[in-house]
Amino acid sequence: MPLFLEKLLAIIRWQDVLDILLNSYILFRLYIILRGTRLFLVVVFIFVLLILQQIVSITSMILTHTVLQGIAALTAIGVLIVFRYEIRSLFQAKGIKDILWHVSTKPIVTPVEIIAGSVYQLARKRIGALIVLPGRQPVDAAIQNSVSWNGEVSREMIETIFWPDNPVHDGAAVIQGNQINRVAAILPLTERSGLPMRFGTRHRAAIGLTERSDALVLVVSEERGEVSLAHMGQVETVKDAAQLEKRLRQHTGMASDSSRRATNDRRSAAIAFGLSLLVVSSVWYSYSLGFVRSLTTVEVPIEFVKRDARLEIIESSSTSVRIQLSGSLQLINRLDPSQIKVRFDLSKAVAGRNSLTITDDDIILPPGASLKKVEPSSIDIMVDTIGQKRLPVQVDWTGTLPPGILVESVRLEPQTVEVTGGQLLLNEMDTIYTAKVPVDELQKSDEQRVALALVPASLRLAPGQGNSILITYTVRPRQLVTSP
Amino acid sequence: MCFTAFDHVPEQTSIFHDWIRQDKLVFRKKLVLKPPRWSSVSSIQLREADKGVWRVEIRDADGNFLRILRFSITD
């Protein structure tokens, strides 16, 4: 299994899968809502800006990061100001269904019959007209001084726009889909010489725009009542509405089969969702495993392994170590301290004091985490062979004996006990003591049972040895010596 | 105070009083024994911090145990 997949499976949870799917869908919906609008490019720009910001943040380019932050903030404000009408119309035009899940496979149909019919109606009435139908290339940069219109295409609307008494009749109307977006648009004139004398300003403007874009421009001559069509810098006269309709269908792409178009739309939506999934997964992956890193410190208990069964750890300078880890933000946030182990191999330890340096091999970390620091970097342990020794028992009396009382004798049962522990320790021990026994209430001879104090904790009683001692004591009144 | 008395001391020799608190040797006193009988005593000045379990090990000149006395210093 590839390493990255192994890391991924180690940290991914069902919440992450949901997280990725949800955000992919949000990104996909943004694309569906904004595609074909000017806002789409701006959103892409902001997105690229955010990615750049992350990259410079990781590479610690402080100045660039600050500048990019400023640009992103200004862009966001600029978008709200410049595109306020587009944003408003977006929410006005689309219902909640369109925003949340509807994927329109029905294209916005340009009403070519209405346009062709209107154009010939204008020609018959000898009313001049100039209509722009943009192709794939934008025409915004080439058009000047237009008036925003945003009205649905209809025969009456077209005729009204070009009615000679209408203030906006001079200039071109721009039709996109089924909308007349702009009117009174000033088109760039062609600089070509040698054009037929019958071509007026409208024809020159139509040629000028089609030289600069793939738009199709319809020209209605008010002198001759003729309808001409300009495309790619060429002008041709169109004889009737049927021929014009055919040319318009070809230009708007409506000539192709509608079912094939719907299939293409569905395919492009599927590709868009796939790309959204890919982008969101990449961002999630980079946060989880890669770029955004964090630090944490964990206190981990030390485990000693492969210890010789005859050896006993008598003493250790430390029972735990503090480990500073570095890893992805997500990994550090979800870190379970039980995943971290510090294991010392004691196979080479000898009886006596051993100094062990902590190496990377002694530390087991979760996948994706890397070790930054260990404190302490070494520990001292005292290891000893296990031995047995019989030791006499001594009572550890404490407190204050009542006045006038004397402890005459004390007897212990048993008097000695067998203990097990490190041989070095046992060599230094000559006595084992009981737990503290208070003498404050010793009023009469009696007996009591007390436990043994096994110090240090590694000391144990030999098997079969009870951990209590019976103390039988005799007390008597203290005799006061008086002078005669 | 630890008092030891020896009857029939064949020749001059020495003994040791080892004062031990909780397995740690606190004080060692060498005492000379002279024929034919001899008594000797050793003592230490106790402080507040000396409370606890004590023993005095009495050894001969060769370090052999002769007797051990166990006691506690209480309040």
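Look a little higher up for the structure.
Everything numeric here is computed off the predicted structure, so don't read it as measured data.

Engineer: An account of the sheet that holds strand β16 (residues 405-413) of chain A is requested, with residue identities and associated values reported.
Structural biologist: All names here are of chain A. Ordered by their spatial adjacency, 3 strands build an open sheet running β16-β21-β19, and the pairing between neighbours is antiparallel. Each having just a single partner strand, β16 and β19 (446-451) make up the two edges of the open sheet. Geometrically, the sheet is characterised by an average inter-axis angle of 30 degrees between neighbouring strands, direction not taken into account. The pairing of β16 with strand β21 (residues 468-477) spans 8 bridges and is classified as antiparallel. Within β21, the position partnered with L406 by the bridge is R476.

Engineer: Got a sec to walk through helix α7 (residues 112-124) of chain A? Specific residues and values, please.
Structural biologist: All names here are of chain A. The first and last C-alpha atoms of α7 sit 18 Å apart over 13 residues, in line with the 18 Å expected at 1.5 Å per residue. What α7 keeps buried is the set V112, I115, A116, G117, S118, V119, Y120, L122 and A123. Check the buried side of α7 and you find it contacts β1 (129-133), α8 (155-162), β3 (172-176), β5 (216-220), β6 (227-231) and α10 (241-252). Once α7 ends, the next one or two residues include R126, with phi positive near 55 degrees.

Engineer: So what's going on with the interface of chain A and chain B? Which residues, and what values?
Structural biologist: A common way to state how big an interface is: give the accessible area lost once the parts meet. Contacts between the two partners involve 11 residues from chain A, matched on the other side by 10 residues from chain B. The largest per-residue losses of area from chain A upon contact with chain B belong to A:Q394, A:W397 and A:Y433, which jointly make up 47% of the total buried on that side. For the interface between chain A and chain B, the tally reads 1 salt bridge. With its nearest N and O atoms 3.4 Å apart, the salt bridge here joins B:R55 to A:D430. With 6 residues, the top contributor of residues to the side of chain A that touches chain B is strand β15 (residues 378-398) of chain A. Counted by class, the side of chain A that touches chain B contains 4 nonpolar, 5 polar and 2 charged residues.

Engineer: Mind laying out the sheet that holds strand β2 (residues 13-21) of chain B, listing which residues take part and the relevant values?
Structural biologist: Residues and elements named next belong to chain B. Taken in spatial order, the 4 strands make up an open sheet running β3-β2-β5-β6, and their pairing is antiparallel. Looking at which strands have only one partner, the edges of the open sheet turn out to be β3 (24-33) and β6 (65-73). Adjacent strand axes in the sheet meet at a mean angle of 15 degrees when their direction is disregarded. The sheet contact formed by strand β5 (residues 52-60) and β6 spans 8 bridges and is antiparallel. By the bridge assignment, I58 is partnered in β6 with R67.

The rules we used
Residues numbered from 1 in each chain as written. Chains lettered and ligands numbered in written order. Predicted model: local features only at pLDDT ≥ 70, side-chain atom pairs only at ≥ 80, totals over all residues. Heavy atoms only, no water. Pairing = 2+ DSSP bridges. Helix = DSSP H or I, 4+ residues; strand = E, 2+ residues; numbered from the N terminus. Axes fitted to C-alpha atoms, helices over the stretch in contact; angles between N-to-C directions. Expected span 1.5 Å × (residues − 1). Buried < 20%, exposed > 50% of the residue type's maximum accessible area, 1.4 Å probe, protein only. Contact = heavy atoms within 4.5 Å. Buried area = accessible area lost by both parts, 1.4 Å probe. Salt bridge = Lys/Arg side-chain N within 4 Å of Asp/Glu carboxyl O. Nonpolar A, V, L, I, M, F, W, Y, C, P; charged D, E, K, R; others polar.

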